Amino acid sequence: MNEVCFKNIDKENPASLATYEAHGGYKVWRKILNGEMTPDEIIAELKTSGLRGRGGAGFPTGLKWSFMPRNQEGQKYVVCNSDEGEPGTCHDRDILRYNPHSVIEGMAIAGFVMNASVGYNYIRGEFMEPYYRFEEGLKDAYEAGLLGKNLKGGSVSFDLYTHLGAGAYICGEETALLESLEGKKGQPRFKPPFPANVGLYGKPTTINNTETFASVPEILSRGGQWFADLGVENSGGTKCFSVTGNVKKPANFEVPMGTPFSKLLELAGGLKEGRKLKAVIPGGSSTPILTADTAMQMTMDYDSIANAGSMLGAGSVIVMDDTTCMVKTLTRLAHFYYDESCGQCTPCREGTGWLYRMLQRILDGNGKKEDLDLLLSVGEKIMGNTICALGDAAATPVESFIKHFREEFEYYIEHGRSMVEVEHNLIEEVASV
Amino acid sequence: MSEIEIEIDGQLLSANQGDSIITIADREGIEVPRFCYHKKLSVAANCRMCLVDIEGVPKAQPACSTPAASGMKIHTKNDKAKFAQKAVMEFLLINHPLDCPICDQGGECELQDVAMEYGSDVSKFNEGKRIVPDKGIGALIQTDMTRCIHCTRCVRFGAEVAGIVEMGGTGRGEGVKIEPFLTEGIQSELSGNMIDVCPVGALTSKPFRYEARTWQMNAVQSVARHDLVGSNIFTQSYRGKVKRVVARDNDSVNETWISDRDRFSYEGLNHESRSLKPKVKKNGEWLEVDWQEALAFAIEGIKNNAERPEQLGVLASKNASLEEYYLMQKLARSFGTENIDFRLDHANLSPGSSMDSSITLSEIESVDHALILSSYTRLEQPMINHRIRKAVINGATVNTINSKKFDFNFKTKIDLLTAPQALLPALQSILKSLYLKTKADLPEQLSKVNSSDEHDKIANDLIASENGVIVLGEHLKSNPSNSVIISTVSQIAQISNSKIANLTLSGNAHSAEKVGFIPTNQGMNAASMLTESCKAFLLMDVDSQYDFFNPKLAMDLFNKDDVFVVSLTSFEDQSTLLSADVILPMASFYETSGTHINFDGIAQSFSASVKSPGDSKPGWKIIKVMADLLELEGFSFVDSSQVAEEALLSSKVQTQINGSIAESFEDSDITTLWQYAPYAIDNVTRRAKALQESNIGKINSAYIAKSTAKKLSLSQDDLYLGVPVSISDDVAEDCVFVHTSQARRV
């Protein structure tokens, strides 16, 4: 556990430059500055490592970096997406708090590979402490001559800037993030063109997630094969999971890919006494919910979770026990997407509000029988028709919640109250007898 | 660009690599529904209505933003495409108020049209609908933002075409509101186009509100006549009155846009001061009479007062039609007078104050440099300014020499503040600089001209440009040195190899010039007619209070008992009643057939959209009958097209460029440049209510530099010639730039 991104977490002053360097930090970057590594070698190593984008889409990082037009004339950019906003996720925050230099080094390496001399780290607006920690890290790195222009008198330059967002979930979408970074309203751009060709200020731009960048130095330091071997096939290395919900010890855990879910649950202290596992959202609120049985059989890696019918996503594991009302939970999620839709394109702007209003009406006891099919049909009409993935993210939970817990919704519509409360009251009654 | 083959709905098509699917479909006549896409605006891909199915691509893709690639097989109407399109339609309708019966857009609404095909007849939406409060954006555009479907066409039009970022989407999600960032209203000379681009009834014409339903109106193709462009329009009339004007596509003239002036001026036609009946003044009393009597009175008056034919002066505004100019000058010349002029507001009319343009409208947008002289093109010639703006967006640079720094909607490089009296020296300095740079022999008279760095820089830019243009604007009319300035500009253009865009004469001035509505050597020009011995005048569409360079001089003369004035006019108010002896009510814009000749020299004919009110008659008919009564030969025309045919055969009276006469300024050190605000330039716009109430219509300031104000002992908000003083650093010293709708005073 805690072998890559959180490897210094139990050391004294884990975020400091001294601690980072004492444990092998900036070794790779110094090698690069000494001219001992080429971009092609780095890309090859990343490909071997099997590192996949940790932001949620899981695109192989080595492949992504190899697509960049590194020899194209003009300015290019590296952007780190630290706008960690997916409900249930908080591990990037801890990386920034406890290991900021790994992100700095990772971004600098990316800059070298992409031939980009400027980087931006876009940090979520609410992350004040991580922001200051990262800024402090930057200051130290500059002072140590690790960042700046013509480093070590050579040809490599890398300037890194921090940008604090303003609290919009949509700015975690990479093109909306770029718009926001440019000072515009955070709204996704349509694609093509992709950021690799037309990104920040219209220039080729590589965008990766915090955890992805943080993993890069360690991979290059210890070898791609070492990293790949930590995990399982198709899912190399370790992954940080935020385990939240009805567990005794909600926390972040960096574990090897392929770790059984049951093990992760155990690490988080398991369920509270007397509770039964009801459902798990494995990858953040945008990924389909899984029932207890399915979840208990899966391992935490891309393929296994996909086989179970969901996605690894951002590694945000939301655990629900048998006291959870699915109608209420889904309504809360729908409200989130309704509130966070940027409003740019029609299906999401209008559809998220429609979904939320219907669910709220059901929750208020005014549901109609045909509402469930209508919810599914609205979700289906949003799905795939929007500019960015927020529309899909809003529709996915609706589809999966109703698929797995339809009878609970039907009960609510029929009785105007939750089936769970009834069950639970019964349990409590029995217990008190 | 390489040619590729694609397939749309089974049709094999060749297209350019990278063309969007929607442009190919449009070209081939394949219908793809859309709301946010507009051919003249950037692609937004936000409405999602144009989703189509591309084989091998899992999700439906927007046709507007997806570039065609070789071998692509696209389906616009299969189940997958239809499902996506109908889904979007349903989403668009859930929050749209179905208030079509009381919506002005009803009947010409894109949402309504597309809903007929893609919408369902039953709504599944059982929740409350969204309501959006209206902030109001001024006198011209009515907002009903509850109807807005957030396509952002208006936002993009503002940012990309009008050059104003005043509308935008605030808020997010369902709460996104398209609204101005400020509440002072949209300040653009092109704002009305937002109405045309709005696919729904969110933005509609304010003066038109609830006036008529679109299907009740009679649409006629016409041409706008307030500027040199001759924008193509449709007039839409109901029960004999023009109720609305909208743009008509013509890529080489006005593309798809028209100025607010062309769009909203029609209100002037329905003004209460319309002249409806012929009238004669007998013993100081106005009497309504029939046409026969009025014409007889007019003819007799002219014959009696103008004892010799050359005592008759014939004057017209710059807004008459080609036919009217032609017949009027023919009448005058047949009668025996050469006193013919339409340049009423020129400070100097010595021979030579005319110069041809050497560039076309569409060529302007591809220049790499423009030098703008004496012009606020943005307000004076909005559509030409739009072409300059396009050039700037493509990388052209612009320098300006004006009395005031104007708020152009593009970036300018050097804005040289130059008072009217300093313009000629400035141009001579530029010319000298050009001579020195091109190593041409410096003419003697330039050797003593003072040089300056700024002028040198401007000369540099002219030389460096490969495809530059010098834009000469209408402020030059008020400059007594205009004739010699024009010849200097012509030399500058020649030596720097620049084109010329001459915008000094606006309206339908090209028609007037074409048919020779100016005096030959034997005749008097507009200025001399007022000071010399004319005893009778024929005025056509002239408002003496506004139209002359020195209105007081004109009014005083026309008021004299021994001066007989026949006024062919569409409007009668105090100034007409004071100055005229006979009023012959004339049809105004859109009420008569005619021809406009535009900047490119294109003669655009139009038919009458509505009948003129009351007993008023088309100008060309009045002139023809007068000619008959005067027993003049050659007026046997049956309709106006015969007149146009003959008029177009006439060869333009050539005026030689002759800059040898240097006119001196009057002794005063400080000059006044009186420029009518854009909605006060002619009889019709001055009476258009909504235009007057708009932000631009309210322009009324005498701009003075601090030092000049001191010399004149004026302070902020004092009145200068009746106009409130605005002290500004953006004005050249020793001049006052009066920008107002008030009648000119000297």
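Residues numbered from 1 in each chain as written. Chains lettered and ligands numbered in written order. Predicted model: local features only at pLDDT ≥ 70, side-chain atom pairs only at ≥ 80, totals over all residues. Heavy atoms only, no water.

- Identification of chain A as NADH-quinone oxidoreductase subunit F from Candidatus Pseudothioglobus singularis PS1 is taken from an unreviewed UniProt entry.
- The record in UniProt for chain A states the following under Catalytic activity (unreviewed entry): "a quinone + NADH + 5 H(+)(in) = a quinol + NAD(+) + 4 H(+)(out)".
- Entered under Sequence similarities (unreviewed entry) in the UniProt record, the comment concerning chain A runs "Belongs to the complex I 51 kDa subunit family." (UniProt positions renumbered as here; feature names shortened; annotations may be inferred.)

## Overview of the interface of chain B and chain A
Argument step 1. The partner chain A presents 34 residues to the 34 residues of chain B that form the contact.
Argument step 2. Counting each side, the surface lost to burial between chain B and chain A is near 2,900 Å², with a carbon and sulfur contribution of 53%.
Argument step 3. Three residues stand out in chain B for area buried against chain A, namely B:Phe91, B:Arg172 and B:Glu174, and they jointly supply 26% of the buried area on that side.
Argument step 4. In this structure, the salt-bridge partner of A:Asp392 is B:Lys59, at a minimum N-O distance of 3.7 Å.
Argument step 5. Between the two partners, chain B and chain A, sit 17 residue pairs in polar contact (both at pLDDT 80 or more). (Contact = heavy atoms within 4.5 Å. Buried area = accessible area lost by both parts, 1.4 Å probe. Salt bridge = Lys/Arg side-chain N within 4 Å of Asp/Glu carboxyl O. Polar contact = N/O pair within 3.5 Å; in protein donor to acceptor, adjacent residues only side chain to side chain.)

## Focus: the domain arrangement of chain A
Residues and elements named next belong to chain A.
Argument step 1. Its domain assignment divides chain A into domain 1 (17-227), domain 2 (241-321) and domain 3 (326-422).
Argument step 2. Between the C-alpha centres of domain 2 and domain 3 there is a distance of 22 Å.
Argument step 3. Facing the ten residues of domain 2 at the interface are 13 residues of domain 3.
Argument step 4. Counting the surface lost from both domain 2 and domain 3, the interface buries some 930 Å², and carbon and sulfur atoms represent 70% of this.
Argument step 5. The closest approach of N and O atoms between Lys278 and Glu408, which form a salt bridge, is 2.8 Å.
Argument step 6. At the junction of domain 2 with domain 3, the criterion picks out five residue pairs in polar contact (both at pLDDT 80 or more).
Argument step 7. With three residues, strand S8 (residues 277-281) is the single largest residue contributor to the side of domain 2 that touches domain 3.
Argument step 8. When grouped by side-chain class, the residues that make up the side of domain 2 that touches domain 3 number five nonpolar, four polar and one charged. (Domains from an automatic or database assignment. Helix = DSSP H or I, 4+ residues; strand = E, 2+ residues; numbered from the N terminus. Nonpolar A, V, L, I, M, F, W, Y, C, P; charged D, E, K, R; others polar.)

## Here we look at the side chain of B:Ser375
Residue and element names in this part refer to chain B.
Argument step 1. By the secondary structure assignment, Ser375 is in the loop between strand S17 (369-373) and helix H10 (377-380).
Argument step 2. The exposure class of Ser375 is buried, given its relative accessible area of 1%.
Argument step 3. The residues touching Ser375, leaving out its near neighbours within four places in the chain, are Glu380, Asn402, Phe406, Phe408, Gly473 and His475. (Buried < 20%, exposed > 50% of the residue type's maximum accessible area, 1.4 Å probe, protein only.)

## A few points about the side chain of B:Ser726
Argument step 1. Tracing the sequence through the fold places B:Ser726 in strand S30 (residues 723-727).
Argument step 2. When sequence neighbours within four positions are dropped, the list of residues in contact with B:Ser726 reads B:Ser701, B:Ala702, B:Tyr703, B:Ile704 and B:Gln716.

## A closer look at the packing of helix H16 (residues 371-382) of chain A against helix H2 (residues 79-94) of chain B
Packed helices, taken two at a time, are described by the angle between their axes plus the distance between the axes.
Argument step 1. Running from amino to carboxyl end, H16(A) crosses H2(B) at an angle of 115 degrees, the nearest separation of the two axes being 9 Å. When the axis of H16(A) is compared with that of H2(B), the two are roughly perpendicular. The handedness of the crossing between H16(A) and H2(B) comes out as left-handed. Contacts from A:Val378, A:Glu380, A:Lys381 and A:Ile382 in H16(A) reach B:Phe83, B:Ala87, B:Glu90 and B:Phe91 in H2(B).
Argument step 2. When the residues that make up the contact of H16(A) with H2(B) are grouped by side-chain class, the tally is five nonpolar, no polar and three charged. (Axes fitted to C-alpha atoms, helices over the stretch in contact; angles between N-to-C directions. Parallel < 35°, antiparallel > 145°, perpendicular 65-115°, else oblique. Left-handed = near helix turned anticlockwise from the far one by under 90°.)

## Some words on the pairing of strand S25 (residues 594-597) of chain B
Residue and element names in this part refer to chain B.
Argument step 1. In S25, alternate side chains face the same way, and those of Gly594 and His596 on one face and Thr595 and Ile597 on the other are all buried.
Argument step 2. Both S25 and strand S26 (residues 603-606) contribute to a ladder of four bridges, which runs antiparallel. Of the residues in S26, the one forming a bridge with Gly594 is Phe606.
Argument step 3. Counting the residues in the hairpin turn of S25 and S26 gives five residues, including Gly601, whose phi is positive at 80 degrees. (Pairing = 2+ DSSP bridges.)

## Side note on unusual backbone geometry
Argument step 1. Along the chain, A:Lys191 connects to A:Pro192 via a cis peptide bond; the corresponding omega equals -5 degrees.
Argument step 2. As for its position among the elements, A:Pro192 is in the loop between helix H8 (174-181) and strand S4 (205-209).
Argument step 3. Cis geometry is adopted by the peptide bond preceding A:Pro193, which originates at A:Pro192 and carries an omega value of 0 degrees.
Argument step 4. Of note, the phi angle at B:Asn283 is positive, near 55 degrees, even though the residue is not glycine.

## What to know about the packing of helix H14 (residues 326-340) of chain A against helix H17 (residues 390-415) of chain A
Residue and element names in this part refer to chain A.
Argument step 1. It is at 9 Å that the axes of H14 and H17 come closest, and there the two elements cross at 160 degrees. Considered as vectors, H14 and H17 are oriented roughly antiparallel to each other. For H14 against H17, the interelement crossing comes out left-handed. Within the contact between the two elements, H14 uses Met326, Val327, Thr329, Leu330, Leu333, Tyr337 and Glu340 and H17 uses Leu390, Ala393, Ala394, Pro397, Val398, Phe401, Phe405, Glu408, Phe409 and Tyr412.
Argument step 2. Of the residues in the contact of H14 with H17, the class split is 14 nonpolar, one polar and two charged.

## As for the sheet that holds strand S12 (residues 241-247) of chain B
All names here are of chain B.
Argument step 1. The strand order S10-S11-S12 describes an open sheet built from three strands, whose pairing is antiparallel. Every other strand in the sheet has two partners, leaving strand S10 (218-223) and S12 as the edge strands with one partner each. Across this sheet, the average inter-strand angle for adjacent strands is 30 degrees, counted without regard to direction.
Argument step 2. Note: S10 against strand S11 (residues 232-238), six bridges, orientation antiparallel. Looking across to S11, one finds that Asn218 is bridged to Ser237.

## What to know about the confidence of the model for chain B
Caution applies to low-pLDDT regions: their predicted coordinates should not be interpreted in detail.
Residues and elements named next belong to chain B.
Argument step 1. Here chain B averages 93 in pLDDT, while 97% of its residues score no lower than 70.
Argument step 2. This stretch, residues 656-662, has a pLDDT under 50; its non-local contacts, to residues over four places away or in other chains, come to 16 contacts.
Argument step 3. Two numbers describe this predicted complex: its pTM, 0.94, and its ipTM, 0.94. (pLDDT = per-residue confidence, 0-100.)

## Some words on the pattern of salt bridges
Residues and elements named next belong to chain B.
Argument step 1. All chains considered together, the criterion is met by 70 salt bridges over all chains.
Argument step 2. We note a salt bridge from Asp249 to Lys39, for which the minimum N-O separation is 2.9 Å. A residue pair is termed long-range when its members are at least 10 positions apart, and Asp249 in the loop between S12 and helix H6 (260-264) and Lys39 in the loop between helix H1 (21-28) and strand S3 (51-54) qualify at 210 residues.
Argument step 3. Look at Lys39 and you get exposed, because its relative accessible area is 55%.
Argument step 4. Taken together, the shared-partner salt bridges in this structure form one network comprising Lys40, Asp251, Glu255, Glu365, Arg387 and Lys390.

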